[in-house]
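Residue strings, one per chain:
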Amino acid sequence: MVSTPSSSPRIRVGSAPDSWGVWFPSDPAQTPAERFLSEVSSAGYEWIEIGPYGYLPTDPAEFLEQMERFGLRVSAGTVFEHLHREDSWEDVWKQISDVAALTRAVGGEHIIVIPEPWRDHRTGAALESPELSAAQWAALTGGMDELGRRVLEEYGLAVQFHSHADSHVGYQRDIERFLADTDPRYVNLCLDTGHVSYYRGDNLELIRTYPERIGYLHLKQVDPAVLDQVEAEDLTFPEAVRRGVMIEPPLGVPEMGPLLDAVAALDRDIYAIVEQDLYPCAPDVPAPIARRTHTYLAGCGTAALEIGTPRGTV
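Residues numbered from 1 in each chain as written. Predicted model: local features only at pLDDT ≥ 70, side-chain atom pairs only at ≥ 80, totals over all residues. Heavy atoms only, no water.

Let us look at the nonpolar core. Ranked by size, the top nonpolar core spans 69 residues in total, and within it Ile 11, Val 13, Ile 48, Ile 96, Ile 111, Met 144 and Leu 297 carry the most contacts. In this structure Met 144 touches Glu 81, Leu 83, Val 113, Val 159, Phe 161, Phe 178 and Val 187, once residues within four positions along its chain are discounted. (Core = buried A, V, L, I, M, F, W, Y, C linked by side-chain atoms within 4.5 Å. Buried < 20%, exposed > 50% of the residue type's maximum accessible area, 1.4 Å probe, protein only. Contact = heavy atoms within 4.5 Å.)

This brings us to the confidence of the model for the protein. When pLDDT is averaged along the protein, the result is 95, and 97% of the positions lie at 70 or above. The low-confidence segment residues 1-5 (pLDDT under 50) makes 16 contacts with residues lying over four places distant or belonging to another chain. (pLDDT = per-residue confidence, 0-100.)

Regarding helix α8 (residues 224-233), the residues found buried are Val 226, Leu 227 and Val 230. One side of α8 holds all its buried residues, which, seen down the axis, span an arc of 105 degrees. Those residues of α8 that are buried lie in contact with α6 (193-198), β8 (221-222) and α9 (237-242). The N-cap of α8, judged by a side-chain oxygen 2.9 Å from the amide nitrogen of Ala 225 a few residues on, is Asp 223. At the exit of α8 stands Asp 234, carrying a positive phi of roughly 50 degrees. (Helix = DSSP H or I, 4+ residues; strand = E, 2+ residues; numbered from the N terminus. Arc of directions from axis to C-beta. Polar contact = N/O pair within 3.5 Å; in protein donor to acceptor, adjacent residues only side chain to side chain.)

A separate point is a negative patch on the surface. Together, Asp 59, Glu 62, Glu 65 and Glu 68 line one region of the surface with negative charge. By secondary structure assignment, the location of Glu 68 is in helix α2 (residues 60-70). (Patch = residues over 30% accessible without salt bridge, like charges linked within 9 Å, V, L, I, M, F, W, Y side chains within 5 Å. Areas by Shrake-Rupley, 256 points an atom, 1.4 Å probe, with all protein chains shown as cover. Salt bridge = Lys/Arg side-chain N within 4 Å of Asp/Glu carboxyl O. Lys, Arg positive; Asp, Glu negative; His and termini not counted. Charge placed at Lys NZ, Arg CZ, Asp CG, Glu CD.)

What follows concerns unusual backbone geometry. Residue Pro 250 follows Pro 249 across a cis peptide bond; omega there is 10 degrees. Inspection of the secondary structure puts Pro 250 in the loop between β9 (246-247) and α10 (256-264). Cis peptide bonds are those with omega within 30 degrees of zero, and the linkage from Tyr 279 to Pro 280 qualifies with -15 degrees. Relative to the assigned elements, Pro 280 resides in the loop between β10 (270-274) and α11 (286-298). Of note in this structure, Asp 234 is not a glycine but carries a positive phi near 50 degrees. As for its position among the elements, Asp 234 is in the loop between α8 and α9.

Printed below as a string of structure tokens:
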């Protein structure tokens, strides 16, 4: 393991079902859960996210048994929100409650909250306007503050908001507006380096401008050549993923070394979860990419990096 002494701040590197082409709780195009667990462990990662609720076991005892079997630990659970819509609270809170209860039970510390895309996850079809009214924006930000407060008080977990392609919070200006309009006591940022770069944003500028709001990381790169296609053809995010917009490092942007150095300068523990959107993909594709990415990140030389050691098949 590449690590720092336990008293020093750490960047704890892990991976997630997303890097195995998993977007949904159940889908025949996706890698089976047990294969994901075996391969992510073999690649050397020790931390994972829960992924779509229901993909991995929802019974805490069964979940923890699987984690122990594969030598893994949980950093966070993930949910999508649509708080800008009328009468959305109960539906969003039900999802949050399920994921937060499981996350707490299996030792996770964070809930990653992603804005529901205005285009359909599977087809990319437009479901609503890409722009929010002032009232909808206020409902989103106010709802996120309330959600973050309740998750913290009821479950002891920290809410980290994740900007996303084809959502109402995607461009850097949207992220900055969101941070200005939310309460740092209850909501901070899961800086997804790929989704920021998808809209030509500057990850280093966000880290330097809002150091206290960076609560979590998703590490990914994008292929600038595919981004050119996205902009020229107004591609949906699912189509961009199928064309390979998310690419393994060091083949894309942003450059990982300077970014990890900037995060290390925050001088606090932080999770950095590798994500490379691959849905859909052949089952033999993810594992070699995961191993190469692990090797690359381990060689970035950032002193704060804590990353496991590859092992044989578990």
